[in-house]
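# Summary of the model geometry
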Amino acid sequence: MQTKKKLMLSAVPALACVTALGLGAPAAHAAGDSGGTTYQAKLAPVALNTPSGAASGSVWLTLDGDQLTVNEKVSGLATNLPKDKKTLDALGIPTAFAGAPFPHVQHIHIAGGGSCPTTGADTNGDGVISTVEGQPAYGKIGTTFSTKGATDASTATDVTKAPGGGSFTYKRTFTVNADTLAALKNNTAVVVVHGLNPANAPKASLSTPNSLGVTLPGASKKLALIGTAPALCGKLEAAQMNTVPSGGVQTGGGSTSGTQDMGLFYGAGALVLGAGAVLGMRRRFGKQH
Ligand SMILES: [Cu+2]
């Protein structure tokens, strides 16, 4: 499993270096016949919620009419859900999810301030910026970067359709809704990746219920704030290029390296973790006990 993951991730640097794009012109046909408009966002840790430098990511969007192609990579997020029942219970996570890749729901937020929340967004002063507290900055959900099915707000908190794990790439082409399209064009679209790392998240996020009222199927209480609070955020801005990183658009439909294990887990109801992964996870979540 480790080897597989490494192999998949090794493709990322190649993808990233294309953004240097001194050579924008020759790469221009990559975006297709009509040459779409490209937007990009650099994903940075959300204040209070994710320590500076702990996680990062990049998003490239290519818009061709109403067809939006998303290319995204993130790293440094929460990797796996805890495995022991006591921790799971405390966080409002059903035991069926034990050890599964940590689901990260992610959206294009729209119609807010077109920015990412700063420490002042923590209006209740508990040391965590909840999804709701972040809304004056980034707005409501316009589009969900789901791995399958709908891409509007209807899949916003569906963890079974969210990418998972600490590092993943996400690629999908879909029809973008009018509200999101308008936000992209008027410069108020913001990408938000949710789900905090229990190992370094603010303490209150482990004990406070999430601000969206999400209860996972089979859980006895609401999911803790770590499950939904914003971890990474980045404002989308029109890029001065008509392309996406090479290797981007060729594959149609949704695909996400790193989510295969999650699909397996949710499909089969069980995930067999290698011994190394279990040890790694214990180390990672050790701080909670
Ligand atoms: Cu969101």
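For the protein chain, an unreviewed UniProt entry supplies the name CHRD domain-containing protein and the organism Flexivirga endophytica.

## Some remarks on the overall build of the protein chain
Scanning the protein chain from terminus to terminus reveals eight helices and nine strands. Each of the 289 residues in the protein chain was classed as buried or not, and the buried ones make up 49%. As displayed, the protein chain offers around 12400 Å² of accessible surface, 56% of which is attributable to carbon and sulfur atoms.

## So, the coordination of the copper ion
Distances from the copper ion to its protein donors, H107 (ND1), H109 (NE2) and H194 (NE2), fall at 1.9 to 2.0 Å. Taking relative accessible area as the criterion, H194 reaches 1% and is therefore assigned buried.

## Details of the pairing of strand β4 (residues 106–110)
Of all five residues that make up β4, five are buried, and the element is covered over most of its length. Burial of the side chains of β4 extends over both faces: Q106, I108 and I110 are buried on one face and H107 and H109 on the other. Bridge count between β4 and strand β7 (residues 190–194): four bridges; the pairing is antiparallel. Across the sheet, residue Q106 finds its bridge partner in β7, namely V193. The sheet contact formed by β4 and strand β5 (residues 140–144) spans four bridges and is antiparallel. When the bridges of β5 are listed, I110 appears paired with K140.

## With respect to the packing of aromatic side chains
We describe a pair of aromatic rings using the distance from one ring centre to the other and the angle between the two ring planes. Counting across every chain of the model gives one aromatic pair. For the ring pair F145 and Y170, a centre distance of 5.5 Å and an interplane angle of 20 degrees mean the geometry is stacked. Highlighted residues: F145 in the loop between β5 and β6 (168–175) and Y170 in strand β6, separated in sequence by 25 residues. Y170 shares its class with F145; the two are buried.

## Here we look at empty space enclosed by the protein
Per the stated rule, a full pass over the model turns up four cavities of 30 Å³ or more. Reported here for the largest cavity is a volume of approximately 80 Å³. Contributing to the lining of the largest cavity are L81, I93, F97, F102, P103, V159, L216, L223 and G227. Per-class residue counts for the lining of the largest cavity are eight nonpolar, one polar and no charged.

## Digging into the side chain of T180
Mapping T180 onto the fold places it in helix α5 (residues 178–185). You can call T180 buried: its relative accessible area is 0%. A polar contact is formed between the side chain of T180 and the side chain of T143, at a distance of 2.7 Å. A polar side-chain atom of T180 sits 2.8 Å from a polar atom in the side chain of N177.

## Brief notes about the pattern of salt bridges
Going through the model one piece at a time under the given rule, you end up with two salt bridges. Where K85 meets D89, a salt bridge forms, and the shortest distance between an N and an O atom there is 2.9 Å. Taken together, the residues span about one helical turn, with K85 and D89 both in helix α3 (residues 85–91) at a distance of four residues. On the basis of relative accessible area, K85 is assigned to the exposed category, the value being 52%. D89 sits in the partly exposed class, given a relative accessible area of 33%. Ionic pairing is found between D158 and K161, a salt bridge with its closest N-O pair at 3.0 Å. Taking relative accessible area as the criterion, D158 reaches 23% and is therefore assigned partly exposed. By relative accessible area, which is 23% here, K161 ends up partly exposed.

## Concerning α5
Buried residues of α5: T180, L181, A183 and L184, and no others. The buried residues of α5 occupy an angular sector of 160 degrees when projected down its axis, which confines them to one face. Away from its buried face by more than 90 degrees, α5 exposes A178 and K185. Turning to α5, the residues buried within the fold contact β1 (37–45), β2 (56–64), β3 (67–75), β4 and β5. N187 sits one or two positions beyond α5 and adopts a positive phi of about 70 degrees.

## Here's the deal with the state of the cysteines
Taken as a whole, this structure holds one disulfide when the rule is applied. Disulfide pairing is shown between C116 and C233; the S-S distance is 2.0 Å. Here C116 and C233 share a disulfide; its torsion about the S-S bond, -90 degrees, makes the bridge left-handed. Highlighted residues: C116 in the loop between β4 and α4 (135–138) and C233 in strand β8 (residues 230–235), separated in sequence by 117 residues. Residue C116 is classed as partly exposed on the basis of its relative accessible area, which comes to 27%. Exposure remark for C233: the relative accessible area of 3% places this residue in the buried category.

What counts, and where the lines are drawn
Residues numbered from 1 in each chain as written. Predicted model: local features only at pLDDT ≥ 70, side-chain atom pairs only at ≥ 80, totals over all residues. Heavy atoms only, no water. Helix = DSSP H or I, 4+ residues; strand = E, 2+ residues; numbered from the N terminus. Buried < 20%, exposed > 50% of the residue type's maximum accessible area, 1.4 Å probe, protein only. Areas by Shrake-Rupley, 256 points an atom, 1.4 Å probe, with all protein chains shown as cover. Donors = N, O, S within 2.8 Å, 3.2 Å for Na, K, Ca; no water. Pairing = 2+ DSSP bridges. Phe/Tyr/Trp six-rings, centres within 6.5 Å; stacked < 30°, edge-to-face > 60°. 1 Å grid on protein atoms, 1.4 Å probe; cavity = no way out; pocket = protein on both sides within 12 Å on 5 of 7 lines; lining within 4 Å. Points joined across faces, edges and corners; volume = space filled by probe spheres on them. Nonpolar A, V, L, I, M, F, W, Y, C, P; charged D, E, K, R; others polar. Polar contact = N/O pair within 3.5 Å; in protein donor to acceptor, adjacent residues only side chain to side chain. Salt bridge = Lys/Arg side-chain N within 4 Å of Asp/Glu carboxyl O. Arc of directions from axis to C-beta. Contact = heavy atoms within 4.5 Å. Disulfide = S-S within 2.5 Å.

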